[in-house]
Amino acid sequence: PHEPVTFYHWLVIGIASAGWLFDCMDQRIFALSREPALREILGAGSTEAVVRSWGGWATTAMLLGWATGGIIFGMMSDRLGRVKTMVATLLVYSGFTGLSGIANSVPEFLSYRFLVGLGVGGMFGAATTLVAESVPVRVRAIALGSLQALSATGNIIGSLLSTQIQPGQANYLFGMSGWRVMFFVGVLPAILVVPMLAVLREPEQWKAAKL
């Protein structure tokens, strides 16, 4: 018989999708804020070529973190559980996105980007695995497709934020540049930790594998 699709299943899909959506929003914030941030950090004497070069290194640092996070949090997910891993990755990517807003040197900025990447890489694996193991087989493809489709929504939200908070604006709020405020906004997804811990349960499939 078909396993019924319950309200809890929709909650799993919704919360996991939100985790990946905000993950993509934080990536978009970085893409839009990278060059204004490095232009300010490097100082007035830096050329556009130097700014772009360091922008490339910042992206590389994040992608290296992404690959590393996928491995580290993948192992953590098998050992400690999908929900705990999602919470950890959410706190890592949102926390270090926020800290990117206080960076005052290039090594500091690149370090935060690597650490954000750890959380980004870990979230996708944990979210997709949680959904795949939690929902009935007949809706699994639709659920995973919806989760991936929402990544575009995260990017759109990041772009819309930049229309209100211009990353290149020198004195946007309390003397802070727009890019710093953009990164601080990237901390807000951390509030998802509350429904994750309150609502989500470890999948029966994972529990059975742990026995």
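Residues numbered from 1 in each chain as written. Predicted model: local features only at pLDDT ≥ 70, side-chain atom pairs only at ≥ 80, totals over all residues. Heavy atoms only, no water.

A. Just the overall build of the protein chain, in detail. Helix and strand content of the protein chain: 8 helices and 0 strands. Listing every helix and strand of the protein chain by position from the N terminus yields α-α-α-α-α-α-α-α. Taking the principal axes of the C-alpha coordinates as reference, the protein chain spans close to 70 × 30 × 25 Å. Burial analysis of the protein chain (211 residues in total) assigns 47% to the buried set. Of all intrachain contacts in the protein chain linking residues separated by at least 6 positions in sequence, the fraction that spans at least 24 positions is 77%. Of the roughly 9,900 Å² of accessible surface on the protein chain, 69% is carried by carbon and sulfur atoms. Averaged over its 14 positive side-chain charges, the protein chain has a centre that lies 3 Å from the centre of its 11 negative ones. (Helix = DSSP H or I, 4+ residues; strand = E, 2+ residues; numbered from the N terminus. Buried < 20%, exposed > 50% of the residue type's maximum accessible area, 1.4 Å probe, protein only. Contact = heavy atoms within 4.5 Å. Areas by Shrake-Rupley, 256 points an atom, 1.4 Å probe, with all protein chains shown as cover. Lys, Arg positive; Asp, Glu negative; His and termini not counted. Charge placed at Lys NZ, Arg CZ, Asp CG, Glu CD.)

B. Structural detail: the environment of Phe109. In this structure, Phe109 sits in helix H4 (residues 106–134). Residue class for Phe109 comes out buried when judged on its relative accessible area of 0%. With near-sequence residues (within four places) excluded, Phe109 lies in contact with Phe30, Ala37, Leu38, Ile41, Ala58, Ser100, Ala103 and Phe183.

C. Representation of H4 within the structure. For H4, spanning 29 residues, the distance from its first C-alpha to its last is 42 Å, which sits close to the expected 42 Å at 1.5 Å a residue. Of all 29 residues making up H4, 21 are buried, and the element is well covered by its neighbours. (Expected span 1.5 Å × (residues − 1).)

D. Quick look at the packing of aromatic side chains. The full count for this structure, using the stated rule, is 5 aromatic pairs. Aromatic pair Trp179 and Phe183: ring centres 6.1 Å apart, planes at 80°, arrangement edge-to-face. Here Phe183 and Trp179 lie together in helix H6 (residues 178–185), a separation of 4 residues that amounts to about one turn. Of the residues examined, Phe183 reaches a relative accessible area of 0% and is grouped as buried. In this structure, Arg34 packs its charged tip against the face of Phe30, placed 5.3 Å from the ring centre. Across from the ring centre of Tyr8, 3.8 Å away, lies the NZ or CZ of Arg201, which sits over that ring. (Phe/Tyr/Trp six-rings, centres within 6.5 Å; stacked < 30°, edge-to-face > 60°. Lys NZ or Arg CZ within 6 Å of the ring centre and 35° of its normal.)

E. Focus on unusual backbone geometry. One non-glycine residue, Phe174, lies in the positive phi region at around 50°. Secondary-structure assignment places Phe174 in the loop between helix H5 (137–164) and H6.

F. Structural view of the packing of helix H1 (residues 7–42) against H4. Packing of H1 against H4 leaves a shortest axis separation of 10 Å and a crossing angle of 165°. Of the possible angle classes, the one that applies to H1 and H4 is roughly antiparallel. Judged by the twist between their axes, the crossing of H1 over H4 is left-handed. Its residues assigned to classes, the contact of H1 with H4 comprises 17 nonpolar, 5 polar and 3 charged. (Axes fitted to C-alpha atoms, helices over the stretch in contact; angles between N-to-C directions. Parallel < 35°, antiparallel > 145°, perpendicular 65-115°, else oblique. Left-handed = near helix turned anticlockwise from the far one by under 90°. Nonpolar A, V, L, I, M, F, W, Y, C, P; charged D, E, K, R; others polar.)

G. Main features of the nonpolar core. Judged by nonpolar contacts, the single largest core of 49 residues is most densely connected at Met86, Leu90, Phe109, Met123, Val131, Met196 and Leu200. Listing elements by their share of this core, those giving two or more residues are H1, helix H2 (48–80), helix H3 (82–100), H4, H5, H6 and helix H7 (193–199). The dominant element in this core, judged by the number of residues it contributes, is H1, at 14 residues. (Core = buried A, V, L, I, M, F, W, Y, C linked by side-chain atoms within 4.5 Å.)

H. Expanded view of the pattern of salt bridges. A full pass over the atoms with the stated rule returns 6 salt bridges. Across the pair Glu35 and Arg39 runs a salt bridge whose closest N-O atoms are separated by 3.7 Å. Pair noted here: Glu35 and Arg39 are both in helix H1, with a separation of 4 residues, about one helical turn. On the basis of relative accessibility, which here comes to 26%, the residue Glu35 falls in the partly exposed class. The structure contains a network of salt bridges with shared partners spanning Glu35, Arg39 and Glu48. (Salt bridge = Lys/Arg side-chain N within 4 Å of Asp/Glu carboxyl O.)

I. Local environment of the environment of Arg52. Mapped onto the fold, Arg52 is located in helix H2. Once the C-alpha coordinates of Arg52 and Glu35 are considered, the two residues, 17 residues apart in sequence, prove to be 6.8 Å apart.

J. Main features of the packing of H1 against H2. It is the contact of H1 with H2, at a shortest axis distance of 9 Å, that shows an interaxial angle of 150°. Compared by their axis directions, H1 and H2 come out roughly antiparallel. Here the hand of the crossing between H1 and H2 comes out right-handed. Listed contacts from H2 to Trp20, Gln27, Phe30, Arg34, Glu35, Leu38, Arg39 and Leu42 of H1 are Glu48, Val50, Val51, Arg52, Trp54, Gly55, Ala58, Thr59, Met62 and Trp66. Taken together, the residues that form the contact of H1 with H2 break down as 10 nonpolar, 3 polar and 5 charged.

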